[in-house]
Each structure stands twice: as C-alpha cells, then as structure tokens.
Amino acid sequence: MSLADAATKPHDRLRDYLADDMESVNTLIRTRMASEHAPRIPEVTAHLVEAGGKRIRPLMTLAAARLCGYAGTDHQKLAATVEFIHTATLLHDDVVDESQQRRGRPTANLLWDNKSSVLVGDYLFSRSFQLMVECGSLRILDILSNASATIAEGEVLQLTAAQDLRTDAAIYTQVIRGKTAALFEAATEVGGVVAGAPEPQVEALARYGDALGMSFQVVDDLLDYGGAAGAMGKNTGDDFRERKLTLPVIKAVARADDEERAFWVRTIEKGRQEEGDLDTAMALLRKHGALEDTRAEALRYRDEAKAALGVLPDHPLRDMLADLADFVVERVS
C-alpha cells in the first residue's frame, strides 16, 4: 500500500475503486426517489440522501459482488435498495427520537413535519422492494425482506427497553443486531448471492457484515462517552441526556452499589438530570471499567469480521474490507 493509500480512509478507497458502480447507483437513487405526483417525496429524500453520508452499506454490496467476480449490473440495484432501506429507517428514527440534527443538518421532521418523514420513509421502503423484485431472485428478496423486518423489530425492542435499568447486555446485543447489524449483514450477503458465489463465501460475507455492523454500533455508543464533539454528528453525552441505555451504562449499572444505582434510576429511569450529572456518569463509567470493556467488545467484533474474510478470494477489495473493519474501531483507539 502506498503512503497516499495509507492516508486515505478505507471507505474512500472503496468509493474510488468502485467509482463507476457508485455513479450508476447514485443515478438510480435519484431516479427512483422521484415522484410525479408528490413533489415533497424527492424534497425530503434529497435532503437526507444528499447530505454527505458515507454510503458504507451500498459500498459493501458492490464490493462483495465484485470481490466474488460478478460482472453484471444487478448489484447496483441491490446497493440502491440497501441505501433506500437505510434512509427510510433514518427518517423513521428521527421521528421516534424527536431528533433535530442528522449528519450536521436539521432533520427532515424538523424542516417539514413528522407525517412527511414517516410517509416518505414508507415510500422508500416500497421503492426498495420494487428494486429487489427486479433482480428476479427469491433468495435475495428473502434476505432483504427479513432484514427489513429485523430492523423494525430491533427498533421496537429498543423502544420498550429504553430507560429500563433491567435491560442487560443480552437485550442490548439483540437490539443493535436488529437495528444496525442486520442491514450490514444483508448488504454483504446479497452481494455474494447475486454473484453466484459458493455458499461458504456467501456465508462468510454475511458473518463479516454482521460483525462489522455490531462493531460499528458499539463504537458509536462508546464515542458518545469518549469521542470528540462532532465525531458522529452529535455532542459528547447526548445518549446520557436522552436517557439511552447503551452498553457502557449497562455495564456500569451491573456493577453499581446501592448509591450508584440510585443515581442511574434518577437520571436514566426518571429523567431527573441536574448540572454535573454527566461528569458523575463519566466517573462511574471509568470506575467500573465500562468504557474499556465496551471497547474490548468492539475489538472482538472487529476480529470476527476480519476472520470471516479468510475464505474469500485474494483481491484488493478484500483488503479494503479488512481495513474498513480496522477503521471502525480506530475511532476509539
């Protein structure tokens, strides 16, 4: 690898390598998010789709297909499908979370309204299914429709587990496997399927996507307590202020004494937060090693992702996918 390559982020190298494919995917996205009868649909979707997201999920679909020797174009439709599903979930999430900022910009529900965000999200889900069907594979339809259902299930589970101190690491894992890892897994798996790859390679791509998605979300949750403001488009401590039970807090609560548990009950369950509470929360996370233990979880998932790539062909794209797994956890190194 040259010094120039080493200084470039893995997803940027993927984007450069797959530039022709990504251009076709972006054209497809712009075409399919149009609406002749409801101009608000392209207005809302363009606000989010063109907000500078990394497009990691569609890149993973393209990379998986090309890595397995695919020479057709259906993988471009699948990449657009994955991006539409992701965008739809973001529109719905921002309504549920009452968010005001996404990727450093005002959210669609803030600029328009909740009804528009929900309905446009529904439209994108419908568009995604149209694209799936066009590929003519029942297996691909099965993988992506199952992922869509799993995402919704994970979001509902998170809703019911939020602010409940009985939520443990097992429930947290189930939540993030649904809300985040399921789409990463489907994105890489369908790339192998459309390429007609041998089953061990398809299974390896699915394992890679799942582990990368798990690492991605664990790191995201860790960054909230240890990352610089703006690293993820939010301020340090946002999850605490929003009373989200993420893995660092779950680990600290599990090791808390009576006085510490009372603090978590007041701030998370009851939402009675006072000045200085974030500092107290950070001190408790450090006291119980919750941040280091959470980072170790992210590293474990990173290692699982890289190990899964071992059965795949020797190819520059395989190296880039391995580098992507490293990059995800380097943000909290």
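Just so you know, the residues in each chain are numbered from 1, in the order the chain's sequence is written. Residue-level local features of this predicted model are given only where pLDDT is at least 70; pairs of side-chain atoms are given and counted only at 80 or more, and the full residue set underlies all totals for whole chains, interfaces and linings. Computation of side-chain values: all heavy atoms of the structure, hydrogens and water removed.

I would appreciate a short explanation of the overall build of the protein in the present structure.
Labels follow the DSSP assignment, with helices taken as runs of H or I lasting at least four residues and strands as runs of E lasting at least two, numbered in each case from the N terminus. When its secondary structure is counted, the protein shows 17 helices and two strands. Burial classes: relative accessible area under 20% of the type maximum marks a residue as buried, over 50% as exposed, and values in between as partly exposed (1.4 Å probe, protein chains only). Expressed as a percentage of its 333 residues, the buried residues of the protein come to 51%. Note that accessible areas follow from Shrake-Rupley with a 1.4 Å probe, and for residues the cover is restricted to the protein chains shown. Surface exposure of the protein reaches about 14900 Å², of which carbon and sulfur atoms provide 50%.

Which parts of the structure should I look at to understand unusual backbone geometry?
Outside of glycine, negative phi angles account for most residues, and trans bonds account for most peptide bonds. With a phi angle near 60°, Gln 163 is a residue other than glycine that sits in the positive phi range. On the secondary structure map, Gln 163 appears in the loop between α9 (138-161) and α10 (169-194). Its identity as a non-glycine residue notwithstanding, Arg 243 has a phi of 60°, on the positive side. Its relative accessible area of 23% is what places Arg 243 among the partly exposed residues.

Quick question: what am I supposed to make of the packing of aromatic side chains here?
Pairs of aromatic rings are described using the distance from one ring centre to the other and the angle between the two planes. The pairing test for Phe, Tyr and Trp rings, Trp by its six-membered ring, is centres within 6.5 Å, and the orientation test on the planes gives stacked under 30 degrees, edge-to-face over 60, and tilted for anything in between. With the rule as written, the count across this model stands at four aromatic pairs. Their ring planes at 40° and their centres at 5.4 Å tell us that Phe 184 and Phe 216 sit as a pair that is tilted. You can see Phe 184 sitting in helix α10 and its partner Phe 216 sitting in helix α11 (residues 199-226), a full 32 residues away along the chain. Exposure remark for Phe 216: the relative accessible area of 15% places this residue in the buried category. An aromatic cluster is present here, built from Phe 240, Phe 263 and Trp 264 joined pairwise through their rings. A ring is scored as having a charge over it whenever the NZ atom of a lysine or the CZ atom of an arginine sits within 6 Å of its centre and within 35 degrees of its normal. It is Arg 57 that lies over the ring of Phe 216; its NZ or CZ is 5.8 Å from the centre.

Please clarify how the pattern of salt bridges should be interpreted in this entry.
Side-chain pairing between opposite charges can occur once the charged atoms of the two side chains come close. For salt bridges, the criterion is a side-chain nitrogen of Lys or Arg within 4 Å of an Asp or Glu carboxyl oxygen. Scanning the entire structure with this criterion turns up 21 salt bridges. Linking Arg 13 and Asp 323 is a salt bridge whose minimum nitrogen-to-oxygen distance equals 2.7 Å. Here Asp 323 lies in helix α17 (residues 316-330) and Arg 13 lies in helix α2 (residues 10-17), a separation of 310 residues in the sequence. Here Arg 13 falls in the buried class, since its relative accessible area comes to 10%. The class for Asp 323 is partly exposed, based on a relative accessible area of 21%.

What is the right way to look at the side chain of Arg 302 in this model?
Take Arg 302: it is sitting in helix α16 (residues 290-308). On the basis of relative accessibility, which here comes to 18%, the residue Arg 302 falls in the buried class. Contact criterion: two residues are considered in contact whenever any of their non-hydrogen atoms come within 4.5 Å of each other. Excluding its chain neighbours within four sequence positions, the residues that come into contact with Arg 302 are Ser 215, Ala 325, Asp 326 and Val 329.

Just checking my understanding: could you explain the packing of α11 against α17 for this structure?
Between two packed helices, the angle of one axis relative to the other and the distance separating the axes together describe the packing. For helices, the fitted axis covers only the stretch in contact; all axes are lines through C-alpha atoms, and the angles between them, taken along N-to-C directions, range from 0 to 180 degrees. In the contact formed by α11 and α17, the axes pass within 9 Å of each other and the chain directions differ by 20°. Here α17 runs roughly parallel to α11, going by the angle between their axes. Helix-helix and strand crossings are classified by hand; for α11 and α17 the assignment is left-handed. On the side of α11, the interface is formed by Tyr 208, Leu 212, Ser 215, Phe 216 and Val 219, while α17 contributes Leu 321, Leu 324, Ala 325, Val 328 and Val 329. Across the contact of α11 with α17, the residue classes tally to nine nonpolar, one polar and no charged. Any angle that falls under 35 degrees is termed roughly parallel, while one over 145 is termed roughly antiparallel, one within 65 to 115 roughly perpendicular, and all others oblique. Handedness of a crossing follows from how the near helix is turned relative to the far one, being left-handed for an anticlockwise turn of less than a right angle and right-handed for a clockwise one. Each residue gets one label: Ala, Val, Leu, Ile, Met, Phe, Trp, Tyr, Cys and Pro are nonpolar, Asp, Glu, Lys and Arg are charged, and the others, such as Gly, are polar.

What is the right way to look at the packing of α9 against α10 in this model?
Contact geometry of α9 with α10 gives a least axis separation of 8 Å together with a crossing angle of 165°. Put simply, α9 runs roughly antiparallel to α10. Relative to α10, α9 is oriented so that their crossing is left-handed. Two secondary-structure elements touch here, α9 through Arg 139, Ile 140, Ile 143, Leu 144, Ala 147, Thr 150, Ile 151, Gly 154, Glu 155, Leu 157, Gln 158 and Ala 161 and α10 through Ile 171, Gln 174, Val 175, Gly 178, Lys 179, Ala 182, Leu 183, Ala 186, Glu 189, Val 190, Val 193 and Val 194. For the contact of α9 with α10, the class distribution of residues is 15 nonpolar, five polar and four charged.

How should the nonpolar core be read in this particular structure?
Here is a general trend for soluble globular proteins: nonpolar side chains tend to be buried in one another's company. Of all hydrophobic cores here, the largest spans 95 residues; its most connected members are Leu 14, Leu 144, Tyr 208, Leu 212, Trp 264 and Leu 285. The element best represented in this core is α11, accounting for 12 residues. Here the nonpolar core consists of buried residues drawn from Ala, Val, Leu, Ile, Met, Phe, Trp, Tyr and Cys, with membership extended through side-chain atoms lying within 4.5 Å.

Before we go on, may I ask you to explain helix α13 (residues 247-254) in this structure?
Residues three or four positions apart in an α-helix share a direction because the helix packs 3.6 residues into each turn. Taken across its eight residues, α13 has seven buried, putting it largely inside the fold. Among the residues of α13, those classed as buried are Leu 247, Pro 248, Val 249, Ile 250, Lys 251, Ala 252 and Val 253. Elements that come into contact with the buried residues of α13 comprise α10, α11, α14 (258-269), α15 (277-287) and α16.

Honestly, the confidence of the model for the protein in this entry has me stumped. Any pointers?
Detailed reading of the predicted model is not advised wherever pLDDT is low. The predictor attaches a confidence to each residue, called pLDDT, with possible values from 0 through 100. Averaged over every residue, the pLDDT of the protein is 87; the share at 70 or more is 87%. Element-level pLDDT for the protein is lowest in helix α1 (residues 3-7), with a mean of 45, against a maximum mean of 97 in helix α5 (residues 56-67). For the stretch residues 1-6, pLDDT sits under 50, and the model shows four contacts to residues farther than four places along the chain or on other chains. With pLDDT under 50 throughout, residues 228-234 is counted as low confidence; its partners more than four residues away or in other chains account for 11 contacts.

I would appreciate a short explanation of the side chain of Glu 260 in the present structure.
Looking at the element boundaries, Glu 260 is found in helix α14. Here Glu 260 falls in the buried class, since its relative accessible area comes to 8%.

Explanation requested: α16 in the structure shown.
Working rule for helices: expected span equals 1.5 Å times residues minus one. Spanning 19 residues, α16 covers 27 Å between terminal C-alpha atoms, matching the ideal 27 Å at 1.5 Å per step. Among the residues making up α16, those that are buried are Ala 290, Leu 291, Thr 294, Ala 298, Tyr 301, Arg 302, Ala 305 and Ala 308. One face of α16 carries all of its buried residues, which in axial projection span an arc of 125°. The exposed residues of α16 that point more than 90 degrees off its buried face are Glu 292 and Ala 307. Where the residues of α16 are buried, they touch α10, α11, α13, α15 and α17. Note that the arc is defined by the directions from the helix axis to the C-beta atoms.

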